[in-house]
Amino acid sequence: MLDIATDRTRDTRIILIHLKGRIDTLTAREFDEYFEELIQAGNRFFILSASLLEHISSAGIGSLIQFARRLEGLGGGAAFVDLNAEVRMLLDFFGLGAKLPVFSAQREARDHLRDLASKSDYSLEIRRDRVIRARPESQIQAEDGSKPGVGTPTPAEVAAPR
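The rules behind these values
- Within each chain, residues carry numbers counting from 1 in the order of the written sequence.
- Local features in this predicted model are restricted to residues whose pLDDT is 70 or higher, and side-chain atom pairs enter the listing and the counts only when it is 80 or higher, whereas totals over whole chains, interfaces and linings include all residues.
- Where side-chain values are given, they derive from all heavy atoms of the structure, hydrogens and water being excluded.
- Under the scheme used here, helices are H or I runs from DSSP no shorter than 4 residues and strands are E runs no shorter than 2 residues, and both carry numbers assigned from the N terminus.
- A helix's residues, less one, multiplied by 1.5 Å, set its expected span.
- By definition here, a salt bridge exists when the distance from a side-chain nitrogen of Lys or Arg to a carboxyl oxygen of Asp or Glu is within 4 Å.
- Buried, partly exposed and exposed residues are distinguished by accessible area as a fraction of the type maximum, computed with a 1.4 Å probe on protein chains only: under 20%, between the cut-offs, and over 50%, respectively.
- For this analysis, a nonpolar core means a set of buried residues of the types Ala, Val, Leu, Ile, Met, Phe, Trp, Tyr and Cys, connected via side-chain atoms within 4.5 Å.
- Should any heavy atoms of two residues lie within 4.5 Å, those residues are counted as being in contact.
- Paired strands, in this sense, are two strands between which DSSP finds at least two bridges.
- With the strands pointing away from the viewer, any crossover whose connection runs clockwise from the first strand over the helix to the second is right-handed.

## Some words on the environment of Ala28
So, step 1. On the secondary structure map, Ala28 appears in helix α1 (residues 28-40).
So, step 2. Spatially, the C-alpha atoms of Ala28 and Leu64 are 9.0 Å apart, while their sequence positions differ by 36 residues.

## Regarding α1
So, step 1. For α1, with 13 residues, the first-to-last C-alpha span of 18 Å sits near the 18 Å given by 1.5 Å per residue.
So, step 2. After α1 finishes, the residue Gly42 shows a positive phi value of roughly 100°.

## Focus on the pattern of salt bridges
So, step 1. All told, the structure shown has six salt bridges when counted by the stated rule.
So, step 2. In this structure, Glu33 and Arg29 form a salt bridge, with 2.9 Å as the shortest nitrogen-oxygen distance. Taken as a pair, Glu33 and Arg29 lie in helix α1 at a separation of four residues, close to a single helical turn.
So, step 3. A relative accessible area of 40% means that Glu33 is categorised as partly exposed.
So, step 4. Glu72 is the partner of Lys99 in a salt bridge, and the nearest nitrogen-oxygen pair spans 2.9 Å. Of this pair, Lys99 sits in the loop between α3 (85-93) and β5 (102-103) while Glu72 is found in helix α2 (residues 58-73), placing the two residues 27 residues apart along the sequence.
So, step 5. A relative accessible area of 36% means that Lys99 is categorised as partly exposed.

## Observations concerning the nonpolar core
So, step 1. Grouped together as the largest cluster of nonpolar side chains are 28 residues, with contacts concentrated most on Phe46, Phe67 and Phe80.
So, step 2. Of all the elements in the fold, those that place two or more residues in this core are β2 (14-23), α1, β3 (45-56), α2, β4 (77-81) and α3.
So, step 3. Setting aside residues up to four positions removed in sequence, Phe46 forms contacts with Ile15, Ile17, Phe35, Leu38, Ile39, Phe67, Leu71, Gly77, Ala78, Ala79 and Leu113.
So, step 4. If you look at the next biggest cluster of nonpolar residues, it comprises ten residues, including Ile14, Phe103, Leu113 and Ala117.

## A look at the pairing of β4
So, step 1. Within β4, five of the five residues are buried, leaving the element largely enclosed by the surrounding structure.
So, step 2. Residues of β4 alternate between two faces, with Gly77, Ala79 and Val81 on one and Ala78 and Phe80 on the opposite face, all of them buried.
So, step 3. Sheet topology places β3 next to β4; five bridges connect them, and they run parallel. Across the sheet, the residue bridging to Phe46 is Ala78, located in β4.
So, step 4. Considered for its hand, the β-α-β crossover made up of β3, α2 and β4 is right-handed.

## Description of α2
So, step 1. Its 16 residues give α2 an end-to-end C-alpha distance of 23 Å, which sits within 8% of 22 Å, the value for a rise of 1.5 Å per residue.
So, step 2. In the stretch just after α2, Gly75 is the one whose phi turns positive, near 80°.

This is how it looks when you write it as structure tokens:
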């Protein structure tokens, strides 16, 4: 069984998630769907509090890897706090420390994510409740190679149905 509780931090860009139980073959899909809903709603930065997370199976590790890649592609990030020794060992073994760093306190994790958020210049174009493109603003340009500006439609405007 996996219980997931969500809290907004004072910095509303960062969501605090409390994980309890197991992320395994039976619950990995629930984990994936839960976070996909949060991402679709525009959330990009997460603190995963795992003091009550008992176990992560290989399916759970796969979900974490997918989650980390998804956030990275959208200019977001996540960090763990309060990991038990077993879960921390698994994350280290699979090399997830770089994508999902572990901190001893929520304040440290929040500072890390704020720093990451300040460096993120990603622009999202959302269509029919699904992200279709995420890329840095500096890379957005018109088909003729010019940067969008006054009188020049943005890629979102070009792609929008009429």
